[in-house]
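Spelled out from the first residue to the last, the chains are:
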Amino acid sequence: MSRARLIAIVFLAITFSAVLLADFVAPAPYAKQFREVPNAAPSAEHLLGTDDLGRDSLSRLLYGSRVSLLLAPAAALLTTLIAACIGGLAGYLGGWFERAALAATDLSLSLPWLFLLLAVRALLPLNVSPIASVTITFALLGALGWSSSGRIICSGARSIRQSDFVLQAQALGISPHRLLLRQVLPNLKPVLAAQFWTSIPIFIIAEANLGILGLGVAEPLPSWGNLLRGLENWPEVKANPWKLAPILMLVAVVSCFQLVFQKREELAS
Amino acid sequence: MTRCRLVVLAFSVSCGLLISSARAQSGGELRFSLKSEPKTFDPMLADDDSSETVRYLTTGYLIRLNRQTQQLQPELASSWKVSNGGQTISFELRKGVLFSDGTPFTVEDVAFTMRKLMDPNLHSPFADPFRSAAGDVKVTVKNPNAIVLQFPAPVANLEQLFDGVPILSANSSQNDTAGLGPFVVAEHKAGSYILLKRNTHYWKHDAEGRALPYLDSVRLDIQQNRDLEILRFRRGETQLINTIEADNYDRLAADMPAAVHDAGPSFDTEQMWFNQVAAAPIPDYKKAWFRSQNFRRAISQAINRADMSRIAFNGHARPAAGLLSPANQFWFNQNLRAEETDIPGALKRLAADGFHLDKDVLRDRDGHAVEFSVITNAGNKVRERLAVLMQDDLSKIGVHLNVVTLDFPSLIERISRSFNYEACLLGLVNVDLDPSTQMNVWLSSASNHQWNPEEKSPATAWEAEIDRLMRAQASTTDNRKRKEYFDQVQQIVADQAPFIYLVNKNALSAISPSVHNAAPVVLRPQTYWNIDSLYITSTTAGIRP
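The structure reproduced in this document is the subject of the present report. (Residues numbered from 1 in each chain as written. Chains lettered and ligands numbered in written order. Predicted model: local features only at pLDDT ≥ 70, side-chain atom pairs only at ≥ 80, totals over all residues. Heavy atoms only, no water.)

1. Concerning the interface of chain B and chain A
Then step 1. Each partner contributes to the interface: chain B provides 32 residues, whereas chain A provides 27 residues.
Then step 2. Taking both sides of the interface into account, the surface hidden between chain B and chain A amounts to around 2,300 Å²; carbon and sulfur atoms contribute 46%.
Then step 3. Contact with chain A buries area across many residues of chain B, yet Arg-251, Ile-311 and Val-388 of chain B alone supply 21% of it, more than any other trio.
Then step 4. At the junction of chain B with chain A, the criterion picks out 11 residue pairs in polar contact (both at pLDDT 80 or more).
Then step 5. Going through the elements one at a time, α6 (246–255), α9 (305–312), β17 (371–377), α11 (381–395), β18 (400–406) and α12 (408–418) of chain B are the ones with two or more residues in the side of chain B that touches chain A.
Then step 6. Residue classes in the side of chain B that touches chain A are distributed as 10 nonpolar, 9 polar and 13 charged. (Contact = heavy atoms within 4.5 Å. Buried area = accessible area lost by both parts, 1.4 Å probe. Polar contact = N/O pair within 3.5 Å; in protein donor to acceptor, adjacent residues only side chain to side chain. Helix = DSSP H or I, 4+ residues; strand = E, 2+ residues; numbered from the N terminus. Nonpolar A, V, L, I, M, F, W, Y, C, P; charged D, E, K, R; others polar.)

2. A look at the environment of Pro-241 of chain A
Then step 1. Mapped onto the elements, Pro-241 of chain A comes out in the loop between α11 (234–239) and α12 (245–268).
Then step 2. Placed 155 residues apart in sequence, Pro-241 of chain A and Ile-86 of chain A show a C-alpha to C-alpha distance of 44 Å.

3. Brief notes about unusual backbone geometry
Then step 1. Residues Glu-219 of chain A and Pro-220 of chain A are joined by a peptide bond in cis, for which omega reads 5 degrees.
Then step 2. Of note, Pro-220 of chain A is situated in the loop between α9 (176–212) and α10 (224–228).
Then step 3. Cis geometry marks the peptide bond from Arg-524 of chain B to Pro-525 of chain B, where omega comes out at -5 degrees.
Then step 4. Positive phi, normally seen in glycine, also occurs at Lys-359 of chain B, with a value near 50 degrees.
Then step 5. By secondary structure assignment, the location of Lys-359 of chain B is in the loop between β15 (356–358) and β16 (361–363).
Then step 6. Positive phi, normally seen in glycine, also occurs at Ala-497 of chain B, with a value near 50 degrees.

4. Quick word on the packing of helix α3 (residues 57–93) of chain A against helix α4 (residues 95–110) of chain A
All names here are of chain A.
Then step 1. In the contact formed by α3 and α4, the axes pass within 7 Å of each other and the chain directions differ by 145 degrees. Seen along the crossing, α3 lies across α4 with a hand that is left-handed. Contacts between α3 and α4 pair Ile-86, Leu-89, Ala-90 and Leu-93 from the former with Gly-95, Phe-97, Glu-98 and Ala-101 from the latter.
Then step 2. Looking at side-chain class alone, the contact of α3 with α4 contains 6 nonpolar, 1 polar and 1 charged residues. (Axes fitted to C-alpha atoms, helices over the stretch in contact; angles between N-to-C directions. Left-handed = near helix turned anticlockwise from the far one by under 90°.)

5. Some remarks on the side chain of Ser-266 of chain B
All names here are of chain B.
Then step 1. Along the chain, Ser-266 falls in strand β13 (residues 260–274).
Then step 2. Within polar-contact distance, the side chain of Ser-266 engages the backbone nitrogen of Asp-268 at 3.1 Å.
Then step 3. Apart from the residues within four sequence positions on either side, Ser-266 is in contact with Ser-325, Ala-327, Asn-504, Lys-505, Asn-506, Ala-507 and Val-522.

6. Some details on the side chain of Asn-248 of chain B
Then step 1. In this fold, Asn-248 of chain B is placed in helix α6.
Then step 2. In this structure Asn-248 of chain B comes out as buried when scored by relative accessible area, which is 12%.
Then step 3. Within the structure, Asn-248 of chain B has its side chain in polar contact with the side chain of Arg-251 of chain B (distance 2.9 Å).
Then step 4. When sequence neighbours within four positions are dropped, the list of residues in contact with Asn-248 of chain B reads Asn-233 of chain A together with Asp-227 and Ile-230 of chain B. (Buried < 20%, exposed > 50% of the residue type's maximum accessible area, 1.4 Å probe, protein only.)

7. Some words on the pattern of salt bridges
Then step 1. For the coordinates displayed, the defined rule picks out 41 salt bridges over all chains.
Then step 2. Close ionic contact of Glu-36 of chain A with Arg-310 of chain B constitutes a salt bridge, the shortest N to O distance being 3.7 Å. With Glu-36 of chain A in the loop between α2 (22–25) and α3 and Arg-310 of chain B in helix α9, this residue pair bridges two chains.
Then step 3. When the shortest N-O distance is used, the salt bridge between Asp-163 of chain B and Arg-67 of chain B registers 3.4 Å. (Salt bridge = Lys/Arg side-chain N within 4 Å of Asp/Glu carboxyl O.)

Below, the structure is given as C-alpha cells:
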C-alpha cells in the first residue's frame, strides 16, 4: 500500500468519524447564533471563526460535511445507476434501442433542467423540514443528472461490444445475460467509477447553485453547498482565508476518495 | 417587490451652488452605471430606474422637490399658487429659457405637456395622481408668461405632483428630443452605453454667472453585474455608485474611506406579513392565528430588530418604527417607536389568545404546534439573513419557522395569485414623500394590500378605518390636516401589525473624491440629484484592487 493511499485512507477515516460524531465533536450546535461575534476570526472559542450570523464555522463544516458526504454520494450513485442502465444497455444492445436511448439522452440534455427544478420546487409544500428539503434536493439532482454520464457509458459499452474478446465470447456461445454480467459490466467498472466520483463534486456544486435559486438545503441546516456560498466574494475570502475551509475540505475529500478507489481499481485489474 | 410610485425627482442647484463654485472646473465626463437598458426614452412613460435616470438628467420641471431639504422650490416656474381648494394652480414662468434646440420655452409648452400627460391613450404613470375626477384639465393662458391649470376636482398635494411632470416642447421640430434639462441624449449604443452631452442652452448659472452644468458629458454604462460595477469604480473607470449594499459598502470603505457615504436611514423598508386571504389554501387554524392581532404583535415583539440592523446590514440600517421611515421628515409620525424585543411580553400576548408553551413548543388552544413558513426571494443574501435571524428569534417563543427561498416569479405567483403561502418577507421601495402614493397599498380594495388584496369590503373594522382616513387625507389639500389623518393610519398599522416592519436600510452610495459638490441624500437619485453643479477634477480616485 502506497504512502499516499494510506494517508488518504487515514484522512477519510478521521473525516468520516468526525462528521458522524459531529454531535459530540462539534464545539456548538450548527444553528446557534453567537450574535456578538458575527464574521469573527478564528479564536479559542471558534477554531474556524464564525459566519455572517455568528454561527460557529467549524460546527457548520462538520454538520455540513455529514449532509454532503452522505447525500452527494447517494445522488451520484442514483445517477450512475440510471446512466448505467440506460447508457450501458444502449451501448451493449445497439440498434434501435441505442438510437432511442441516445435520442432520450439528447432530449434530456437539451431540457432546461434548471427551470424544471424550479418548477418542481414550486410544486413542493412550503413546510418541509430541512432534512426533507436536502433529501429532495439531492434526489432530484440524482434523478435528473444521468444524461451526460449515460452518453459516456453508452460509448464505453459500445466499444466493449465491438471488442475482440466479446466477439470471441459470443462465438463460444456464451449467453447474453452471462456476457453482460461477466464481460461487459466488469469492463465498464472504471467508466462507472469515474462517473460516480466526478458526479459527487458536481452535485455538491449544483446544490450550492440551487441554493441561490431557492432549491438548496433549507436554513439553518448546513451543507457543503451552502457553505461554499460564503466564497462568492473573493475580496472577503482573501482577507479571511479561513473561509476557504469548506472548499479545501471538498477538494481533500474528493481527492482522497479518488486516490483510494483508483488504486483499488488498478489493483483489481 | 411592491413599488410605491409617486413623484420624486428633483433637481436643485441651489445647494450645490452654495457649496462651491469658486473652484468649480468646467468640462470633463462623469461616468456611472445603469443596471439595465432604459425601457423608454419617452419622459412621460419612464417608470424603471434606468429610464428614470435618463429622464432626470435630460428634462426640466416647473417645480422641483429639493432632495436635501425635502422642500419644493421653483424651477421653470418662477412662482406658483394653488387655489380653489387644490383644484387650480397658476404658474408664472421663468423668462428667457430655451430648449436644447434653441427654441424658446413658453406657456404653449406647458399647455402641450399637460394635454399630452392627460391623454388617456398615453397611459403615463405620472398622470394618475392628477385624475381626481372625470373631466379634462382646463388650461387658461393669462399672459405670455402666466398659465392657469384647473382640474375637475381638488387634487391632493397638487404642487408636488409637478415634480414628476417633464416639460415637453410644443413647437420644436425635434420635440421628441428637445429638452430643458442639463443634458441631452447624444449617443446610445443598445446594451452598452448612453452618452449625454451638455445642454448648451440650459438656463441655470452659478453664483459667478457661469453657465451650468459644469460637466461636458455624462456617460451611463449599462452594467448589470454589481461586482463589476464596484470593480470599475475601484479602478476609477466610473465615479458614482448610486446605491450600494452594506457588504460591498464596508469592503469599499476599507480601501477608499473617502469615497463611501452613508446618508442614514432611507425610505425603503424590509417587512414581513401573514397571509390573511380568506380563500388561501392553508389550514383554517393557521388562518385564525394570522388574523389574530395578538399573534401578529407577539411575533413582532419577539423579533430583535437591533440585531437585524447590526448583523444583516453591518450596522447600516435602523429598526423600523412603521410604514414610513423617519427620513420622511414631514409625514413620519414622531410618536412611533420601533418595537423593542420583549419575549415575556410576546408570550403574554399569546397566552391571551390561548397559546401555551409545551416543552419549548408553542401550541394553540387546540394543541396545534405553531409552525409556519416564510417565503422570500432567493439570491438576496441580506433578506435570507433577516429570515434566519427571525427563525432564531421566534424559536425563543416556541415558534418553528421554516425559511423558504423562491425564485421571484414563483414568489410573486404565490403572493398575488394562488395565495399559497403563510408569511412573506420582502422589501418596499418608497420613492415618494407623499402618502397619497401609498393608496395602492392601504385601501382594502387595493391590489397591493398585500396581506389580503382586493377586499370587496373591509374585512375588519380597523381596515375600514384606514380606508376612511386614507380617503380623507386624499380629499383635502390642507397638509396639516392630511398629516393628522395619516398619523392615525400609521398608529393603526403599528397597533394591528398587518405588516411587521423590520428595518429601514441606510442610503449607501459611493462617490469618487474627484467629483466635487456631491451631497448624497436619502431621496432618489441619491448621488446626482444636483448633477448640474457637480464637477470633476483630474484627481484619480481609483485604486487597483
